[in-house]
Amino acid sequence: MDELNLKIPKRVLGTLLNAYSAGVVPRSGLEYAAIGRNEEIDMFLSDFEEVSSGMGAFRFVIGKYGSGKSFLLNLIRCNAMERGFITADCDLSPERRFHGSKGQGLATFRELMKNLSSRSSPDGGALSKILTKWFSDIQMKAVSEGLTNGTAEFYGYTEKIIYETASSLTELVNGFDFAVVLKHFYDGCSSPGDEGEAKKETALKWLRGEFSTRMELRASGLGVASMIDDMNWYDFVKLYAAFFRRIGYKGFFVFFDECVNLYKITNRQSREANYEKILSMFNDVLQGKAQGVGIVLGGTPAFLEDNRRGLFSYEALRSRLQTGRFGEGYRNYFSPVIKLERLGDEELYALVVRMFKLHSMYHGVKLDVTEEDLVAFLKIVLGIMGADEMITPREVVRDLLNILNIMLREKNVTFRQLLGENVKLTDDKKDEDDGDDDGLFDFDDITL
């Protein structure tokens, strides 16, 4: 096997391998392990174009546990940042939903703000940096106009641009208060010492939805009447999207994973209230009322198709998301639902080879593993009863890394021993033409 000619930071590579060994998806470094899913990625590339033009996009990524939903969502999130979008993501849980009577909606918004990311701040917490950079760009423009920092003219010029940008948002719900808070943050940037920091932090607290009561809001000195809560948090998602586009970003992509937690809600009224919120967002985005917004939901087939508790139990959503009567066997690139099929045998083999090379690169050790060993490993995995439908990339990669990690510590153990003594490897050529067809992909025909 040829060496992998990539320069990957050791921290990123270590995080990638540790995450995959534990069966979870890392937030960074995904591009180094990306194999397959080209059709799905093409669908999102078209969404990028639409959102950057001021339209909206809404997708459901559906697949069973371990099929690569979280991987695809994180890969698209990273790709969106590289293309100039602001992103935010949230894993839904019993404490974080689209709608709830105990602050679950607000908790979802706060998680989105915590994970707000840009190209320069890919790990979250980007809001303060985005605002500071915007103000810095305005000040640089003022200097280029010949104004001197610290003068009344300089302050008046920068304040004028901020108000012009903010005033363009006032037609949106809560847009005026949003503009007032932005001005408060700018005053904090312009004020020295602790006073300036306090103003900035108060403004950020409002922007992140961290005020809990009206009394607390009044005591803050912001001078606004509204605050982010369970009922209006989605309005602020649209407001942020409009603001990000005004200051030079292409749009705002929001990712919600683990939506199966909505399917698990036992109370029917509560569950349907969450589905009603999804319907509202879906209609809003695709009817053009939410400009520059891309929303992606990741869930299991049961979350979508269960007629008793899934989205299909809610008639308005079922009629919008159900596959049409015609075109069976063909893929509709414009459908809001992306169903993840199992990776092909060739793609799984390419993934196995890639992960072996990344493991060798990180540990600086070339283990005694041949291409025939990796082919045998994958044939065993795919030969398990039901694997053709049930096997997932998570299981394949986790099992492979488990073997490689054992070999690192146990120097006398070979790959073949860990696979099992009864394994018949592909280098035994004499029985290739015995007329038996095991129904598996012919790995010997692969060239990588």
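The numbering scheme is per chain: residues are counted from 1 as the chain's sequence reads. Per-residue local features are limited, in this predicted model, to residues with pLDDT of at least 70; the limit for side-chain atom pairs, both in listing and counting, is 80 or more; totals at the level of whole chains, interfaces and linings are taken over all residues. Remark: hydrogens and water are excluded; side-chain values derive from all non-hydrogen atoms of the structure.

1. Section: the nonpolar core
Within soluble globular proteins, side chains that are nonpolar generally end up buried alongside one another. To keep it simple, the criterion reads: The set of buried Ala, Val, Leu, Ile, Met, Phe, Trp, Tyr and Cys residues whose side-chain atoms join them within 4.5 Å is what this entry labels a nonpolar core. Working definition: with a 1.4 Å probe on protein chains only, accessible area under 20% of the residue-type maximum means buried, over 50% means exposed, and in between means partly exposed. Numbering goes from the N terminus for both helices and strands, where a helix is a DSSP run of H or I of at least four residues and a strand is a run of E of at least two. By definition in these notes, contact holds between two residues if any of their heavy atoms fall within 4.5 Å.
Core analysis: the biggest nonpolar cluster contains 78 residues, and F60, W206, F256 and I278 have the highest contact counts within it. When residues of this core are assigned to their parent elements, the largest contribution, ten residues, is made by helix 10 (residues 233–246). In contact with F256, other than residues within four places in its own chain, are L73, C90, L92, F98, T108, L112, W233, I295, V296, L297 and G298. Among the nonpolar cores identified, the runner-up in size contains 42 residues, and I8, L16, M355 and F415 belong to it.

2. Brief notes about the environment of N18
Relative to the elements of secondary structure, N18 occurs in helix 1 (residues 10–21). The spatial distance from the C-alpha of N18 to the C-alpha of R398 is 9.9 Å, given a sequence separation of 380 residues.

3. So, the packing of aromatic side chains
Selection rule: Centres within 6.5 Å make a pair out of two Phe, Tyr or Trp rings, where for Trp the six-membered ring is used; the pair is then stacked when the planes are under 30 degrees apart, edge-to-face when over 60, and tilted otherwise.
Following the criterion strictly, the structure yields 26 aromatic pairs and no others. Seen from their ring centres, Y155 and Y186 are 5.8 Å apart, and the 25° between their planes marks the pair as stacked. Pair noted here: Y155 is in helix 6 (residues 152–167) and Y186 is in helix 7 (residues 175–190), with a separation of 31 residues, a long-range link. Y155 sits in the partly exposed class, given a relative accessible area of 31%. When the ring of F178 is compared with that of F243, the centres are 5.5 Å apart and the planes differ by 70°; the resulting orientation is edge-to-face. You can see F178 sitting in helix 7 and its partner F243 sitting in helix 10, a full 65 residues away along the chain.

4. Side note on the packing of helix 7 against helix 8 (residues 193–207)
Which entries qualify depends on this criterion: Under this scheme, a helix contributes an axis fitted over its contacting stretch, all axes are lines through C-alpha atoms, and angles between N-to-C directions fall in the 0 to 180 degree range. Orientation is classified from the angle alone, with under 35 degrees giving roughly parallel, over 145 giving roughly antiparallel, 65 to 115 giving roughly perpendicular, and any other angle giving oblique. Handedness of a crossing follows from how the near helix is turned relative to the far one, being left-handed for an anticlockwise turn of less than a right angle and right-handed for a clockwise one.
The N-to-C vectors of helix 7 and helix 8 enclose an angle of 155°; their axes lie 7 Å apart at closest approach. Taken together, the axes of helix 7 and helix 8 are roughly antiparallel relative to one another. In the packing of helix 7 onto helix 8, the handedness of the crossing is left-handed. Each of D177, F178, V181, H184, F185, D187, G188 and C189 in helix 7 lies in contact with helix 8, whose residues at this interface are G196, K199, K200, A203, L204, W206 and L207.

5. Quick notes on the pattern of salt bridges
Note the threshold: Take a side-chain nitrogen of Lys or Arg and a carboxyl oxygen of Asp or Glu: if they are within 4 Å of each other, that pair is a salt bridge.
For the structure on display, the rule yields 20 salt bridges. With a closest N to O distance of 3.0 Å, K133 and D137 form a salt bridge. With a gap of four residues between them, K133 and D137 both fall in helix 5 (residues 127–144), about one helical turn apart. The class of K133 is partly exposed, set by a relative accessible area of 45%. The residue K205 makes a salt bridge to E216 at a minimum N-O spacing of 2.5 Å. Of this pair, K205 sits in helix 8 while E216 sits in helix 9 (residues 214–219), placing them eleven residues apart in sequence. A relative accessible area of 26% places K205 in the partly exposed class. Judged by relative accessible area, E216 falls into the partly exposed class, the value being 28%.

6. Notes on the side chain of T300
By secondary structure assignment, the location of T300 is in the loop between strand 4 (293–299) and helix 13 (301–305). Note on T300: relative accessible area 8%, which makes it buried. Residues contacting T300, with those up to four places away along its chain left out, are I62, G63, Y65, K69 and V260.

7. Examining helix 15 (residues 345–363)
Where we set the bar: Helix span, expected: 1.5 Å multiplied by one less than the number of residues in the helix.
Taking 1.5 Å as the rise per residue, helix 15 with 19 residues should run 27 Å; its terminal C-alpha atoms sit 27 Å apart, in good agreement. At the C-terminal side of helix 15, G364 shows a positive phi close to 65°.

Purely spatial values, then, with no claim about function.
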